[in-house]
Structure formats: C-alpha cells, structure tokens
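What the coordinates show
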Amino acid sequence: MKAYVLEQVDKRVDCRGLSCPMPIVKTKRAIDEIQPGQVLEVSATDPGSVADVKSWAQRTGHQFLGTIEEAGLFKHYIRRADLSDVKEMKKHPHTVSHKHLLQKLSEKPLILDVREPMEYSFGHIPGAKSIALGKIRDWIAELKEPSHAEIYVVCQTGNRSDMACQILHEHGFSRVFNVIEGMQNWQGPIEKNVAL
Amino acid sequence: MGKRVAIIASHGGVETAYKVMNIAMAATATDAQVGIFFTFDGLDIIRNNASELLSFASGKEHYAEGFKKANVPPVEQMIQMAVESGVRLIACQMTMDVMGLTKQDFLDEVEVAGAMTFLDFAYDADITLTF
C-alpha cells in the first residue's frame, strides 16, 4: 500500500533548538494562521514536545494526527479543527456502533474511510478504503451502478461520514451505515502507512 | 468557554521569573485567560529595569549556561510575548508602597491594583498557582 509522503502539509513551523514552552507557543500562533481542515507540521528537537504538542492539541480541540521521529528530529502533524462547526442538519438514519462493526470485521465488509489521505495514513481500520469525502462522487461514478452490499462509512467524528452516507443514499446505495462514533473513539485494530 | 489561570509571583530571581512565565505562556497557548499578581520580591520581574534586578540565586549561577544552551528566551522577551498574548500583569499596590515604588518603576503594560482585584479574577479561575 502506498505510504503518503506527507506532502499535503499547508504550513510548517520550525521549532528546532527551542525549549518548552516555545514549541507550544509557536504551534498555537501557526494554527491560528491556517484554515480548518488544513494541516500544520511542527519540527522540533525538544523531546518534551512529543507529549506537549499532543496534549495541547487535545486540550484545544485540534486534531493531533501523529508524530514521526527521525534522528532526534520530531515532526508533529496537527489538523486544524473547525471549532465553530456545530450546525444541526438532517442526519443519515442508519448508524452502527464500534462494537457492531468490530463483530463484522472478520467478514471483511466494505469500509469507506472518507477522511483526507493524511488522516487515513496515520491510522485507519485494516482493509478500509480511502475515499475522501470530496472524491466520493467520482468513486460512485466509477462503480457505474449502485451497490446493495453493506457499506460502512467512517471519518474522524461521524460528521463527514454522515454526509457521505447521504450522498451514497441519494445515488441509490441501499445499505449504507454511518460509523457514528468515528475514528477518534476507535479502540479496534489500526493500520498505518506513513513515511517521510 | 476557555480556562482561567491565576498566578501569584511572590519571589524574585531568574528562576521564579521563568517558572511563572513558562506556565503563563503555555496556558495562553491553550487560549486560557491568565492573570499574574506580583507581590513582594516578585515585583522585580515586571520592573522596567528587570534585567538588572533579576539574578540567579547564589550558587546557582551555572544555570545561566544551561538556559543559553537550551535556547530559552530572555525573561524580558517572555514577558513581552505574554503581554502580546493578553496576560494580565498586576502589581500589588501595598507592597509597592512598602518598597517606595511607583507605576513609573514598572513596565507600561503593568496594572497596579490590590488584593481584591486579583481575587476577583481568581474566584473564577480553574487553577491557582503560587510561586
């Protein structure tokens, strides 16, 4: 499987040689300069930044994608969250819990991971297919006719997967389920493919 | 709703200055509101000649080299960043009177107030720290 080469970074911030709290302070300033959905790369040599950047992201609500270490250099990847995005709208009625999906995994069901490729490569359900939400219509077009097999759709929090489910449903797919709890709460097996 | 961090700085010296400013800066990075009440020797940290007043405790001068090596910004720069991030610096009026200091002895950004002003901020704080 292709390892994403982390080319899809929208902004880079250099914190090499800096000590606590500067990597966090600079990370905070940089994230304010990018748009929701964009990815920030933080380069740091401070080993303390490994725990600090992660807990900073969790505290502020931004999505911590992961850290890659190479010869004492840490590269942290954070995706800016849209903290104001709480609008209510129509939801796809068919959802499954993680518990249910875990029981189904041995049957190798079709799982669509509709997050961006960077998010997918830092950890996804084994066997899941990466189709970003923005590409779902292309994927449907390729299939030529709608599938009536069970399709499980997952994203980070259950929002993008909800939209993907609705799109699939509109195109005639009859058995589509939103994995409502999202990858953020997934405790099952994980597959990664990242490389610098 | 963001968190609120209330800090009391009652000692002088470079070590205290860093303890206080480090926590304050990290807190602002999580969008917390931060207020620091400077009292007694802690007032040195926000004096306009702080760099002359702040030194390492005797026997701890070797820290200076370590700070340089670890690329820690100078105290004045940390304070400047804190001010830019909206940290409130409150100088204790009572101790200023005792020490014969006036507002002119402090950085422009410093507000002068009494214990009540700090308490008013601290009553709604999620964490209160004393250095």
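Here the structure is a predicted model, which means the values were calculated and not measured.

A look at the overall build of chain B
The secondary structure content of chain B amounts to 6 helices and 5 strands. Scored against the burial criterion, the 131 residues of chain B give a buried share of 34%. Pairs at least 24 apart in sequence give 77% of the contacts found in chain B among residues at least 6 apart.

A closer look at the overall build of chain A
Secondary structure summary: chain A contains 6 helices and 9 strands in total. Relative to all contacts within chain A whose residues are 6 or more apart in sequence, the contacts with residues 24 or more apart total 69%.

Quick look at the sheet that holds strand S3 (residues 63–70) of chain A
Residue and element names in this part refer to chain A. Overall, mixed pairing links the 4 strands, which are arranged S1-S2-S4-S3 in an open sheet. Since the sheet does not close on itself, it has two edges, and those belong to strand S1 (11–15) and S3, each with one partner. Neighbour-to-neighbour, the strand axes of this sheet turn through a mean angle of 20°, independent of strand direction. Bridge analysis of strand S2 (residues 39–44) against strand S4 (residues 73–79) gives 6 bridges, and the strand direction is antiparallel. Paired with Glu 41 across the bridge in S4 is Tyr 77. Along the sheet, helix H1 (residues 22–31) makes contact with S1, S2 and S4, crossing S1 at roughly 160°.

Focus: the pairing of S3 of chain A
Residues and elements named next belong to chain A. Here S3 pairs with S4 via 7 bridges, running antiparallel. Residue pairing in the sheet places Gln 63 in a bridge with Arg 79 of S4. Counting the residues that bridge the hairpin from S3 to S4 gives 2 residues, and of these Ala 71 lies at a positive phi of roughly 50°.

Brief notes about helix H1 (residues 13–29) of chain B
Counted at 1.5 Å a residue, the expected span for H1 of chain B with its 17 residues is 24 Å, and the 25 Å between its end C-alpha atoms agrees. The complete set of buried residues in H1 of chain B reads Val 14, Thr 16, Ala 17, Val 20, Met 21, Ala 24, Met 25, Ala 26, Ala 27, Thr 28 and Ala 29 of chain B. Tucked inside the fold, the buried residues of H1 of chain B contact H1 and helix H2 (48–60) of chain A together with strand S1 (4–9), strand S2 (33–38) and helix H4 (75–84) of chain B. Immediately downstream of H1 of chain B, the backbone of Asp 31 of chain B shows phi near 65°, a positive value.

Things to note about the interface of chain A and chain B
The partner chain B presents 11 residues to the 12 residues of chain A that form the contact. Every element with two or more residues in the side of chain A that touches chain B is listed here: H1 and H2 of chain A. Here the side of chain A that touches chain B gets 4 residues from one element, more than from any other, and that element is H1 of chain A. Its residues assigned to classes, the side of chain A that touches chain B comprises 7 nonpolar, 3 polar and 2 charged.

A look at the nonpolar core
Core analysis: the largest hydrophobic core is formed by 56 residues, its most contacted members being Ile 7, Met 21, Ala 24, Ile 36, Phe 38 and Ile 46 of chain B. In terms of residues, this core owes the most to one element, H1 of chain B, which gives 9 residues. Sequence-distant contacts of Met 21 of chain B, that is, excluding residues within four places in its chain, are made with Val 75, Met 78, Ile 79 and Ala 82 of chain B. Counting 23 residues, the second largest nonpolar core, distinct from the first, contains Leu 112, Ile 125, Ile 136 and Phe 173 of chain A.

Digging into the environment of Leu 73 of chain A
Tracing the backbone through its elements, the reader meets Leu 73 of chain A in strand S4. In the structure, Leu 73 of chain A is positioned 27 residues away from Asp 46 of chain A in sequence and 8.3 Å away in space, judged by C-alpha atoms.

Some remarks on H4 of chain B
All names here are of chain B. Within H4, the full set of buried residues consists of Val 75, Met 78, Ile 79 and Ala 82. The buried residues of H4 occupy an angular sector of 100° when projected down its axis, which confines them to one face. Of the residues in H4, the exposed ones pointing more than 90 degrees away from the buried face are Gln 77 and Glu 84. Packed against the buried residues of H4 are H1 and helix H2 (50–53). Looking one or two residues past H4, Gly 86 carries a phi angle of roughly 90°, positive in sign.

Calculation criteria
- Note on numbering: residues in each chain are counted from 1, in written sequence order.
- Following the order in which they are written, the chains are lettered starting with A and the ligands numbered starting with 1.
- Totals for whole chains, interfaces and linings use every residue, but because this is a predicted model, local features are given only for residues with pLDDT of at least 70 and side-chain atom pairs only at 80 or more, for both listing and counting.
- Counting from the N terminus, the helices are the DSSP runs of H or I reaching at least four residues and the strands are the DSSP runs of E reaching at least two.
- Buried means a residue has 20 or more other C-beta atoms within 10 Å of its own C-beta, exposed means 12 or fewer, and partly exposed covers the counts in between; C-beta atoms are placed from the backbone.
- Two residues form a contact once the distance between their C-beta atoms, set from the backbone, is within 7 Å.
- A pair of strands is considered paired only if DSSP assigns at least 2 bridges between the two.
- Where helices are involved, their axes are fitted lines through C-alpha atoms of the stretch in contact, as for all axes, and angles between N-to-C directions lie from 0 to 180°.
- The length a helix should cover is 1.5 Å for every residue beyond the first.
- By the convention adopted, Pro, Cys, Tyr, Trp, Phe, Met, Ile, Leu, Val and Ala count as nonpolar, Lys, Arg, Asp and Glu as charged, and the other residues, Gly among them, as polar.
- Residues enter a nonpolar core if they are buried, belong to Ala, Val, Leu, Ile, Met, Phe, Trp, Tyr or Cys, and are joined to the set through C-beta atoms within 7 Å.
- In this description, the arc belongs to the directions extending from the helix axis to the C-beta atoms.

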